[in-house]
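Here is how the chains run, residue by residue.
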Amino acid sequence: MRTRTIQCLGVAAALVATLTACGGRGADTGTVGQGDCQGQQTTGITDSTLKLGGVYPLSGPASAYGEVPKGIKAYFDYVNAEQGGIGGRQVEYLVRDDGYQPPKTVEETRRLVEQDQVFAVFQTLGTATSSAVSDYLGQRKVPQVFVATGATKFGSEDHPWTIGWQPSYRTEGLAYAEYVKKQRPNATVAVLYQNDDFGKDLLAAFREGAEGSGVKVVAEQSFEVTDPTVDAQVRNLANSGAEVMLNFSTPKFASQALAADVRNTAWNPLHILTQVSNTMATLRPVGLPNIQGTVSAAFLKDPADPRWATDPGMQTFKSKLSQYAPGADTGNQHAMAGWAMAQSFHKTLDAAKCPTREGLRDAMRSLDNVSADLMLPGISMKTGAGDGFPLEAVGIQTFAGEHWSLTEGLIDTSGK
């Protein structure tokens, strides 16, 4: 990770030591930066504190993602207690529930910004929900950091205050196309997709990657997040007799689709599951013996994979999650993703030239191969002018036994 220092009034000093001179909101310094950080916003950050807020579906159809903030909060509690916080600042992390409903996302985000006075909104989860507040946060010049969605739109320079984190759905869809072309070069493909930017991005990317090959999409079925089940859609896809099924669904519906596939013994496609739903919480209800050979993408290590048992980053995550989030499942990939996101934020703020909202905005758009401990070897965050996609590589993994196992090398789509 890069180590940066900043200068204030001509005197070089470390980031933490210069907060008050360069923009800390102390008792009498106001809410704008000074020195080289003059005029920049310091709402929500002082020389000893940092206030962040996140909005998640703690209830509703996507409540499985409620494990993500558990991992985030455990990481912040860990660094507060054992590392003196981030840059010497104790982190306060406020979590709000939007039930996966965009109007509620707007309400809770406004509450975080206008009432709680957070420094940044670190994580809104979901494509439609994050989209609902990106204009508002941009107008208020509040960083919307590492939104928990891979929608391609969040790499756009149209919203400089907003950025994604995980590999985009375009990256993921292209990777699946590469895998299918290699493994089954003349396959017919059936697609179940969520009828929003999430599902549509994945499908469009897969089509793009398969173009000109022998791989053909022969059946498509969409669903709404308000639908009770996707059983009918899976039956329709089965009628196509396709050799490959793409399951582009959030956890509740992904699990339903896996179970429907299992029940239909007359159809036995290669089942490819989007990475946002490849957690044990999605798989266990279907029965692990029933999903052997299922394929998915990965950019993080699998906590159930024995190869990472002695990995220092994995050991720290498991021990500290148990300590700071009692009752949380150390095998839950959503909690692990939250931990990795929080560490990514930590390193991004450390790299900022100014401890200000503007400094964080600039840092998140100029990442120079920054990695988190739980990322797969070879994967790191890199952004720059014209590139708002921090992670652009994934590995392909197959479910075998009781865990995912990497079966392919990394597929990097940064040049595509």
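Residues numbered from 1 in each chain as written. Predicted model: local features only at pLDDT ≥ 70, side-chain atom pairs only at ≥ 80, totals over all residues. Heavy atoms only, no water.

Under an unreviewed UniProt entry, the name given to the protein chain is Amino acid/amide ABC transporter substrate-binding protein (HAAT family), and the source organism is Nocardia caishijiensis. The protein chain has a UniProt comment under Sequence similarities (unreviewed entry) that states "Belongs to the leucine-binding protein family." (UniProt positions renumbered as here; feature names shortened; annotations may be inferred.)

We now examine the confidence of the model for the protein chain. This prediction gives the protein chain a mean pLDDT of 90; 91% of its residues lie at or above 70. Scored below 50 in pLDDT, residues 1-30 shows 73 contacts in the model against residues more than four places distant or in partner chains. (pLDDT = per-residue confidence, 0-100. Contact = heavy atoms within 4.5 Å.)

A word on the layout of surface pockets. There is about 250 Å³ of room inside the largest pocket. Along the walls of the largest pocket sit 16 residues, with D261, V262, N268, P269 and N290 positioned nearest its centre. At the level of elements, α8 (251-263) and β11 (270-273) are the ones that each hand at least two residues to the lining of the largest pocket. Considering each element in turn, the lining of the largest pocket owes the most residues, three residues, to α8. Approximately 180 Å³ is the volume attributed to the second largest pocket. S380, K382, E392, D412 and S414 are the residues nearest the centre of the second largest pocket, which is lined by 13 residues in total. A class-by-class count of the residues in the lining of the second largest pocket yields five nonpolar, four polar and four charged. (1 Å grid on protein atoms, 1.4 Å probe; cavity = no way out; pocket = protein on both sides within 12 Å on 5 of 7 lines; lining within 4 Å. Points joined across faces, edges and corners; volume = space filled by probe spheres on them. Helix = DSSP H or I, 4+ residues; strand = E, 2+ residues; numbered from the N terminus. Nonpolar A, V, L, I, M, F, W, Y, C, P; charged D, E, K, R; others polar.)

On to the nonpolar core, then. Counting residues in hydrophobic clusters, the biggest one holds 89 residues, and the most contacted among them are L52, F76, F122, F146, W165, F206 and F345. It is helix α11 (residues 333-350) that contributes the most residues to this core, nine residues altogether. Residue contacts for F206: discarding those within four places in its chain leaves G173, Y176, A177, V180, V189, V215, V217 and L246. In this structure, L192, F223, A238 and F253 belong to the second largest nonpolar core, which totals 14 residues. (Core = buried A, V, L, I, M, F, W, Y, C linked by side-chain atoms within 4.5 Å. Buried < 20%, exposed > 50% of the residue type's maximum accessible area, 1.4 Å probe, protein only.)

Further remarks concern the pairing of strand β4 (residues 90-97). Pairing of strand β3 (residues 49-56) with β4 involves eight bridges; the strand directions are parallel. Considered in β4, the bridge of V55 is made with R96. Crossover connection from β3 via helix α2 (residues 68-82) to parallel β4: handedness right-handed. (Pairing = 2+ DSSP bridges. Right-handed = clockwise from strand over helix to strand, strands pointing away.)

What follows is about the side chain of T398. Mapped onto the elements, T398 comes out in strand β15 (residues 393-400). Engagement of the side chain of T398 in a polar contact is seen with the side chain of T407, the distance being 3.4 Å. Apart from the residues lying within four places of it in its own chain, the contact partners of T398 are G293, T294, V295, H403, W404, S405 and T407. (Polar contact = N/O pair within 3.5 Å; in protein donor to acceptor, adjacent residues only side chain to side chain.)

Our next topic: the environment of T127. Structurally, T127 is set in helix α4 (residues 127-140). Along the chain, T127 and Y65 lie 62 residues apart, while their C-alpha atoms are 13 Å from each other. If sequence neighbours within four positions are ignored, T127 has contacts with T149, A151, F154, Y169, D197 and F198.

Take the packing of aromatic side chains next. Taken as a whole and assessed by the stated rule, the structure comprises 16 aromatic pairs. Ring centres of Y75 and F76 lie 6.1 Å apart, and the angle between their planes is 65 degrees; this geometry places the pair in the edge-to-face category. Relative accessible area serves as the criterion here: at 1%, F76 is assigned to the buried category. With a centroid separation of 6.2 Å and an interplanar angle of 20 degrees, the aromatic rings of Y176 and F248 are classed as stacked. Of the two residues, Y176 is situated in helix α5 (residues 169-183) and F248 in strand β10 (residues 244-248); the sequence distance between them amounts to 72 residues. F248 carries the same exposure label as Y176, and that label is buried. One aromatic cluster in this structure is built from Y75, F76, Y78, Y93, F122, F317, Y324, W339 and F345. Sitting over the ring of W308, K301 keeps its end group 5.2 Å from the ring centre. Geometry around W161 places R361 over its ring, the cationic atom sitting 4.6 Å from the centre. (Phe/Tyr/Trp six-rings, centres within 6.5 Å; stacked < 30°, edge-to-face > 60°. Lys NZ or Arg CZ within 6 Å of the ring centre and 35° of its normal.)

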